[in-house]
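Structural description and commentary
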Amino acid sequence: MFSSAVDSLLDLTIAPGFSRVGWSARRALGQLEPVQVDLTGRNCVVTGANSGIGLEAASQLAALGANVVLVGRSLERLEVARTRVADDASGGAAVTTEVIDLASLDSVRTGASRLIASNPEIDVLVNNAGVLLDSRQLSVDQIELTLATNVLGPFLLTELLRPALAAAASLRPPARIINVSSGGMYSEAVKIDNLQYSDEKWSGSAAYARTKRMQVMLTEYWARQLAGQEIVVSSMHPGWADTPGVESSLPTFHKIVGKALRTPAEGADTITWLAAADAPAQISGSFWHDRRQRPLNRRPGTGSTAGDDELLAKALSDLIAAASA
Ligand SMILES: NC(=O)c1ccc[n+]([C@@H]2O[C@H](COP(=O)([O-])OP(=O)(O)OC[C@H]3O[C@@H](n4cnc5c(N)ncnc54)[C@H](OP(=O)(O)O)[C@@H]3O)[C@@H](O)[C@H]2O)c1
């Protein structure tokens, strides 16, 4: 009871809760005990696995015995990461790599085919890769790059990997999809008629926040879509972690928050827990932080209403079809 009250208070106060203070307090309260589950024989795919939180999540999963596929856009960076993850791996866990540029629909399609050919059963998909940009740019498919990288590519990848997730779920239920969002999503509403942020003055942090909310909406969408297939879908936010991405995209924030940032491993903890533990396997469609379900809305006017997630999925499918025509 006391522990739960402290946790809720930390969550409400944002800065302490999201920072290392929240992590340390919850750890001291016994809420973040090391995950001890044997994942031998499970196949996990982690995007953005060559850096920051994705690299740590991949290492933690391999340390629990899972076979892990590291997905990234640079073979060179993936090879460096593979060596590091293989060093942490337990038993016979296989650590392999797959080059996919999530901002390219062609790359996602060919990469997904290769992934399914080499891993016909996927137990866990972690959609972790993400960018926060300082200028409005377009992808090779002429789609706003934050949307292309954080949402459109992962949406297509997830849809294409559904047969492999279902195959794993039929043998070792449940399979799990984990979408790495951000607490920043609390600041923005999604505008389904302006997904590419073209009708108003562009802001990198707002574009990022909108895509992070879209990931949470897609989590609810897939949770309903996949309910009968033993595939559990979760979104989470890692708090504020000291990663190469934060240092390069938010240098002032990185400097100010400094030592109060979590380590990337602390940021990755809830991903690993969602991928491995029994408790979250019973709940689909929720948003998590530090292993607890968190509210979807904190500011009036930023939440979505019933049916918005279906409209979003339809709009993304239309965008993919138009870009591929
Ligand atoms: N760190 C935090 O405090 C924090 C807070 C909230 C949410 N998050 C979320 O956590 C996730 C990981 O962030 P991070 O902080 O660990 O950042 P990071 O160190 O920059 O890692 C991001 C990863 O995404 C990959 N990536 C970017 N664009 C890609 C593309 N087009 N195709 C394939 N991979 C691509 C990067 O690959 P390259 O190395 O090739 O660029 C990198 O591996 C992101 O979704 C972020 O939004 C982080």
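Residues numbered from 1 in each chain as written. Predicted model: local features only at pLDDT ≥ 70, side-chain atom pairs only at ≥ 80, totals over all residues. Heavy atoms only, no water.

**Considerations on the overall build of the protein**
Within the protein one finds twelve helices and eight strands. Against the 2.2 N^0.38 benchmark of 20 Å for 325 residues, the protein shows a C-alpha radius of gyration of 18 Å, consistent with a compact globule. Counting only C-alpha atoms, the protein reaches 50 × 45 × 40 Å along its principal axes. Out of the 325 residues in the protein, the part that is buried amounts to 54%. The contacts in the protein between residues at least 6 apart in sequence include a share of 75% that link residues at least 24 apart. Here the protein displays about 13500 Å² of accessible surface, and carbon together with sulfur accounts for 55% of that area. (Helix = DSSP H or I, 4+ residues; strand = E, 2+ residues; numbered from the N terminus. Rg over C-alpha atoms; globule rule 2.2 N^0.38 Å. Buried < 20%, exposed > 50% of the residue type's maximum accessible area, 1.4 Å probe, protein only. Contact = heavy atoms within 4.5 Å. Areas by Shrake-Rupley, 256 points an atom, 1.4 Å probe, with all protein chains shown as cover.)

**Looking at the pairing of strand S4 (residues 124-127)**
Across the two faces of S4 the burial is the same, with Val124 and Val126 and Leu125 and Asn127 all buried. Relative to S4, strand S1 (residues 43-47) runs parallel, the two sharing three bridges. Within the sheet, the bridge partner assigned to Val45 lies in S4 and is Leu125. Bridge count between S4 and strand S5 (residues 175-180): four bridges; the pairing is parallel. Opposite Asn127, over in S5, you have Asn179 as the bridge partner. Note that the unit made of S4, helix H7 (residues 145-171) and S5 has a crossover that is right-handed. (Pairing = 2+ DSSP bridges. Right-handed = clockwise from strand over helix to strand, strands pointing away.)

**Some words on the sheet that holds strand S3 (residues 95-99)**
Ordered by their spatial adjacency, eight strands build an open sheet running S3-S2-S1-S4-S5-S6-S7-S8, and the pairing between neighbours is mixed. Strands at the two margins of the open sheet, each flanked by one partner only, are S3 and strand S8 (292-293). Bridge count between strand S6 (residues 231-236) and strand S7 (residues 287-289): two bridges; the pairing is parallel. Bridge pairing in S7 places Met236 opposite Trp288. Of the strands in this sheet, strand S2 (67-72) and S3 touch helix H5 (residues 75-88), which is tilted by about 165° from S3. Packing against the sheet, helix H8 (residues 204-225) makes contact with S4, S5, S6 and S7, and its axis sits at approximately 160° to S6. (Axes fitted to C-alpha atoms, helices over the stretch in contact; angles between N-to-C directions.)

**Quick word on H8**
End to end, H8 covers 31 Å across 22 residues, agreeing with the expected 32 Å (1.5 Å per residue, within 8%). For H8, a buried count of 18 out of 22 residues is recorded, marking the element as mostly surrounded by other parts of the structure. (Expected span 1.5 Å × (residues − 1).)

**Here we look at the domain arrangement of the protein**
What the domain assignment reports for the protein is domain 1 (1-33) and domain 2 (40-324). Distance from the C-alpha centre of domain 1 to the C-alpha centre of domain 2: 24 Å. Each partner contributes to the interface: domain 1 provides 17 residues, whereas domain 2 provides 19 residues. Taking both sides of the interface into account, the surface hidden between domain 1 and domain 2 amounts to around 1600 Å²; carbon and sulfur atoms contribute 49%. Of all residues in domain 1, Phe18, Arg20 and Trp23 give up the largest surface area on contact with domain 2, accounting jointly for 46% of the area buried on that side. In this assembly, domain 1 and domain 2 are joined by two salt bridges. (Domains from an automatic or database assignment. Buried area = accessible area lost by both parts, 1.4 Å probe. Salt bridge = Lys/Arg side-chain N within 4 Å of Asp/Glu carboxyl O.)

**Quick word on the pairing of S6**
Here S6 lies mainly inside the structure; six of its six residues are buried. Here S6 shows no split at all, with Ile231, Val233 and Ser235 on one side and Val232, Ser234 and Met236 on the other all buried. Two elements, S5 and S6, share six bridges in a ladder whose sense is parallel. From the neighbouring strand, Ala175 faces S6, where its bridge partner is Ile231. Read from S5 through H8 to S6, the crossover connection turns out right-handed.

**Some thoughts on the site of the ligand**
With respect to spatial proximity, 29 residues lie near the ligand, and among them Ser51, Arg77, Asn128, Tyr208 and Thr243 are the closest. Here a nitrogen atom of the ligand sits 2.8 Å away from a polar atom, N or O, in the side chain of Asp101. When contributions to the shell around the ligand are tallied by element, the ones reaching two or more residues are helix H4 (52-63), H8 and helix H9 (244-249). For the shell around the ligand, the element with the most residues is H9, which contributes three residues. Grouping the amino acids of the shell around the ligand by side-chain chemistry returns 13 nonpolar, twelve polar and four charged. (Near = heavy atom within 4 Å. Polar contact = N/O pair within 3.5 Å; in protein donor to acceptor, adjacent residues only side chain to side chain. Nonpolar A, V, L, I, M, F, W, Y, C, P; charged D, E, K, R; others polar.)

**Thoughts on the environment of Asn127**
One can find Asn127 in strand S4. On the accessibility criterion, Asn127 (3% relative accessible area) is buried. As for Asn127 and Gly153, which are separated by 26 residues in sequence, their C-alpha atoms are 9.8 Å apart. Here Asn127 is in contact with Thr47, Pro154, Leu157, Thr158, Ile177, Ile178, Asn179, Val180 and Gln215, once residues within four sequence places are set aside.

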